[in-house]
Amino acid sequence: MGTFMIPGKAFEGVSAIGAPAPTAGFYEASIVEVILDPKNAQKRRFRVQLPNGYRTLDFVSLTHDADGNAFQGLDERQVRGRTAGLRSVLESMGYGAADIEEAQAITDEWFLASANGGRKGYVEFVPGQQGVEGSFSKIVRWVNKAQYDALKSSGATVKTEATVAATQAKAAPMANGAGAPAVQATLPPPPSAAQQIVS
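None of these values were measured; they are calculated from a predicted model.

Undergrad: Just to check I follow, could you spell out the packing of aromatic side chains for this structure?
TA: Think of a pair of aromatic rings as described by two things: how far the centres are apart, and how the planes are tilted against each other in angle. What the rule picks out here adds up to five aromatic pairs. Geometrically, the ring pair formed by Y54 and F125 is edge-to-face, given 5.9 Å between the ring centres and 65 degrees between the ring planes. Taken together, the positions of Y54 in the loop between β2 (43-49) and β3 (55-61) and F125 in strand β4 (residues 121-126) put the pair 71 residues apart, joining distant regions of the chain. The same class applies to Y54 and to F125, which are both buried. Arranged with centres 4.5 Å apart and planes meeting at 35 degrees, the rings of Y122 and Y148 form a pair that is tilted. Separated by 26 residues along the polypeptide, Y122 in strand β4 and Y148 in helix α3 (residues 145-154) bring together distant segments of the chain. Residue classification places Y122 among the buried residues on the basis of a relative accessible area of 9%. By way of ring pairs, the aromatic residues Y27, Y54 and F125 are connected into one cluster. The residue whose ring lies beneath R119 is Y95, and the NZ or CZ to ring-centre distance is 3.9 Å.

Okay, here's the thing in structure tokens:
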């Protein structure tokens, strides 16, 4: 007789402690928690879970508080940018224009998989560089299902810091095949007639 009984389904989407982040790529993702930023009422952290159970954070900025009041001091550009960012996540999760624009209110529950019927979105994910202090995993962007399918089928790759650095190194001019940029030595101009009179 055992001392506990855990259904196997309880282990779905849960990675082992210390499991590594997946490689850079495009993934289906669930938002499992919305966290209030303790220092800034205008910001939230979405705890995002990828298919292997790995969890990371995505940061969003809001335009309204929990009571529906607009935050003061935001200019039109900030309001549009913040709204567009949230809309990208909502559309990624399958909400249509009518769902969003005709809603009485968009709340945390729209994002949380546990409250929205298990809706998932699609992300471009880049893991942090292992062993590099201050390097964190990052959700680059949220894409809708059609974009996700097109990116996956085309074999598109995600740009990481390492691939960007490698691309820049390949594009740098080479001198003598040594990998250093070409440098041309120059001499200063000869003294002018006026300088010769003064000396």
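Undergrad: Sorry, what's going on with α3 here?
TA: Along an α-helix, residues three or four apart share an orientation, since each turn contains 3.6 residues. At the N-terminal end of α3, a side-chain oxygen is found 3.2 Å from the backbone nitrogen of A146, two or three residues along, and the residue is N144. Count one or two residues on from α3 and you reach G155, which has phi positive near 75 degrees.

Quick notes on the rules
- Residues numbered from 1 in each chain as written.
- Predicted model: local features only at pLDDT ≥ 70, side-chain atom pairs only at ≥ 80, totals over all residues.
- Heavy atoms only, no water.
- Phe/Tyr/Trp six-rings, centres within 6.5 Å; stacked < 30°, edge-to-face > 60°.
- Helix = DSSP H or I, 4+ residues; strand = E, 2+ residues; numbered from the N terminus.
- Buried < 20%, exposed > 50% of the residue type's maximum accessible area, 1.4 Å probe, protein only.
- Lys NZ or Arg CZ within 6 Å of the ring centre and 35° of its normal.
- Polar contact = N/O pair within 3.5 Å; in protein donor to acceptor, adjacent residues only side chain to side chain.

These results come straight from atomic positions and should not be treated as a statement about function.
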